[in-house]
Amino acid sequence: MTSRGPEATPTPRVLAGCALRAAGMVWRSAPVHVLGYLAVTLVGAAAPIALAWLTKAVLDGLAQGRTTILLGLAVTLAAVTTAAVAATHAAQYLRAEVDRRTALRSKDELFAAVTRFTGLAPFESPAFLDRLRLAQQSATNPGRLVDTAASAARSAMTVAGFVGSLALISPAFTVLVLLSALPALLIELRLSRQRVAMLWRIGPAERREMFYAQLMSTADAAKEIRLFDLGAFLRLRMLAELRTANAARRRMDRREFFVQASLSATSAIVAGVGLVWTIIAAGRGQLSVGDVSMFVAAVAGVQAALNVMVSAGVMAYEQLLTFHHHVTIVTAGPDLPAPRDPASLAPLRRGIELRDVWFRYGEDHPWVLRGVDLFIPHGRTVALVGRNGGGKSTLVKLLCRFYDPTRGAILWDGVDLRDVAPETLRARIGAVFQDFVTYEMTAADNIALGDQDATQDQSRVERAAQDAGVHDTVAALPYGYRTLLSRGFTLDEEGEEEGVLLSGGQWQRVALARAFLRRDRDLMILDEPSSGLDPEAEYEVHSRLASLRSGRTSVVISHRLGAVRDADRIVVLADGVVTEEGTHAELLADGGTYARLFTRQATGYRDEVHPTGAVR
Ligand SMILES: Nc1ncnc2c1ncn2[C@@H]1O[C@H](COP(=O)(O)OP(=O)(O)OP(=O)(O)O)[C@@H](O)[C@H]1O
């Protein structure tokens, strides 16, 4: 599902599966509305045929001077016209409702599937992201398929009705009109395959265009864009992507225009020939005035209805091809191998062992971890330190099983993490990630997301905030814990209860509070938990974290070596290999990388005092 080459066109069998799935989805979403829609469609389909016959009867009645039947015919004509108009409006409403209800279900199904992916790899795959975008766009397709099918059925009825009438006048001409629609169908199907392939090809350009547009409209990037004067640069890039996509769409539109113009010309020629023939036949007295009117209405009706049928068939085909992206995602297997019979995971007793763990993010990527052997003992704190890009955060991601080791294994009290359901493992872990999320939600929600049970328990949220030292800040916000931590939305519909923005350090404390809600978990992961804090706050938070960690198993990553010196074990990771391991004192005594980094940092904090007493 992740490779990005030209998309192979799904086989008819696969498309039939998609159609069945779409039909099931529509039926489950809006059964009553679908039935109503089909009923009014039927009325709409019968109306033109009835009108044509009534018109013929009126004209013949007039020509033959049978005025007695004219009033009845006129009333019937008016009633049929009214019913046809009412059916059109009812169909519009019902179709929109079917669309809305089905789109809701389709989005639910799609995002349930997206959140079911347990690892991170799909979200780092351009092919998957392109597919997801197209799948999102296809949310209304199942509903539209009903519409398309109904309009095809309506047209089929019209064709059948008029074909009967036409055949009475000229069987040969009837065959000619019907046959003239066949090339149109084949050509249009080919065009629609090309259109869907084009949409897949321009997917990356469209996503980049969206990326630039979003960048220019979000507060996060606004500072740099203004300071570095990036506005015009980003706008031009966005427009370049849009032009690329537009050029592909234009080429396709032109091709369609030429093909459709040729097809329309063919239809017009067929209709013109027929008209000449009927006029000549009427002149010779072989046809009545009513017959001529019927013939003209029938040819126009059959051609228009055949056109609609061809368009409907093509549209259905295109809608199915796009909906296929949805189906591919919702029916995809697990992104990480799922254990057939998942092992249960008891609370940690001995520890977590990384046994010769090798990892790279993809086959074309370099090795990030190269044979890491490491034991994280139960109840102890292990600190991971080392230079940027050494693989520390990657190791932590493997502990959470966001990826599986490429080689080697990670064992939780001897149980391979691959044998456990990811959600079971994650229920035992608490974490603050380096790139924690700042949710545009209320302060209370931002904390409670750490443990959803807490959404119903404000006291737990407040306790966690107190532990993270952010309670006073939150309590002082305009609406306390109800305050929205965003300037992009407001709390109320009227737009009066505006949100606020927190500082970087305050956000970090909110993220810590989220982790504090999971304090009872077996493993606590703290990836740079205090990087945004001021020195006093850092000291305070580390004291709190130390008390939180005491007796618990934790893995801490920090570049501030003073913050991890008390860890039970300090592990230096360099180029994906454990190069040093020991306590702070042992590593200092060894005089290796850790000792060098620590001394360098410590020297930076120490003032050199001049003999005169001045601080330099
Ligand atoms: N999702 C990813 N896809 C591809 N490569 C990645 C991904 N995440 C990290 N890397 C690469 O893996 C290597 C290790 O990154 P990692 O984030 O684990 O390092 P780190 O030790 O935590 O660094 P830092 O101290 O800067 O946070 C880096 O070279 C990085 O480019």
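Just so we're clear, the structure is a prediction, and the values are computed from it rather than from any experiment.

**Points about the sheet that holds strand β1 (residues 351-359)**
Where strands meet in a sheet, backbone hydrogen bonds hold them as pairs that are either parallel or antiparallel. Sheet architecture is open: 4 strands sit in the order β2-β1-β4-β5, paired in antiparallel fashion. The open sheet has two edge strands, β2 (369-377) and β5 (415-416), and neither has a second partner. Sheet analysis places β1 next to β2, joined by 7 bridges and oriented antiparallel. Paired with V357 across the two strands is V372, which belongs to β2. Strands in contact with helix α12 (residues 392-399) are β1, β2 and β4 (407-412); relative to β1, the strand with the most contacts, it is inclined by about 120°.

**Here's the deal with the sheet that holds strand β3 (residues 381-385)**
Read across the sheet, 6 strands follow the order β6-β7-β8-β3-β9-β10 without closing on themselves; strand pairing throughout is mixed. On the outer flanks of this sheet lie β6 (429-432) and β10 (577-582), each paired with one strand and no other. Neighbour to neighbour, the strand axes of the sheet diverge by 15° on average, direction disregarded. Where strand β9 (residues 569-574) and β10 come together, 5 bridges link them in antiparallel fashion. Counterpart to V572 in the pairing with β10 is E580. Of the strands in this sheet, β3, β7 (523-527), β8 (553-557) and β9 are in contact with α12, which crosses β8 at around 150°.

**With respect to the environment of V40**
Along the chain, V40 falls in helix α2 (residues 31-64). The class for V40 is buried, based on 21 C-beta atoms found within 10 Å. Leaving out residues up to four positions away in the same chain, V40 has contacts with A87, A90, A91 and L94.

**Side note on the pairing of β4**
Where β1 lies against β4, 5 bridges are found, and the strand directions are antiparallel. Paired with L354 across the bridge in β4 is I410. Looking at chain direction, β4 and β5 are connected through 2 bridges and run antiparallel. Across the sheet, W412 pairs through a bridge with V415, a residue of β5. Here β4 folds back onto β5 in antiparallel fashion, the turn holding 2 residues, of which D413 has a positive phi close to 50°.

Analysis parameters
Residues numbered from 1 in each chain as written. Predicted model: local features only at pLDDT ≥ 70, side-chain atom pairs only at ≥ 80, totals over all residues. Pairing = 2+ DSSP bridges. Helix = DSSP H or I, 4+ residues; strand = E, 2+ residues; numbered from the N terminus. Contact = placed C-beta atoms within 7 Å. Axes fitted to C-alpha atoms, helices over the stretch in contact; angles between N-to-C directions. Buried ≥ 20, exposed ≤ 12 C-beta atoms within 10 Å, placed from the backbone.

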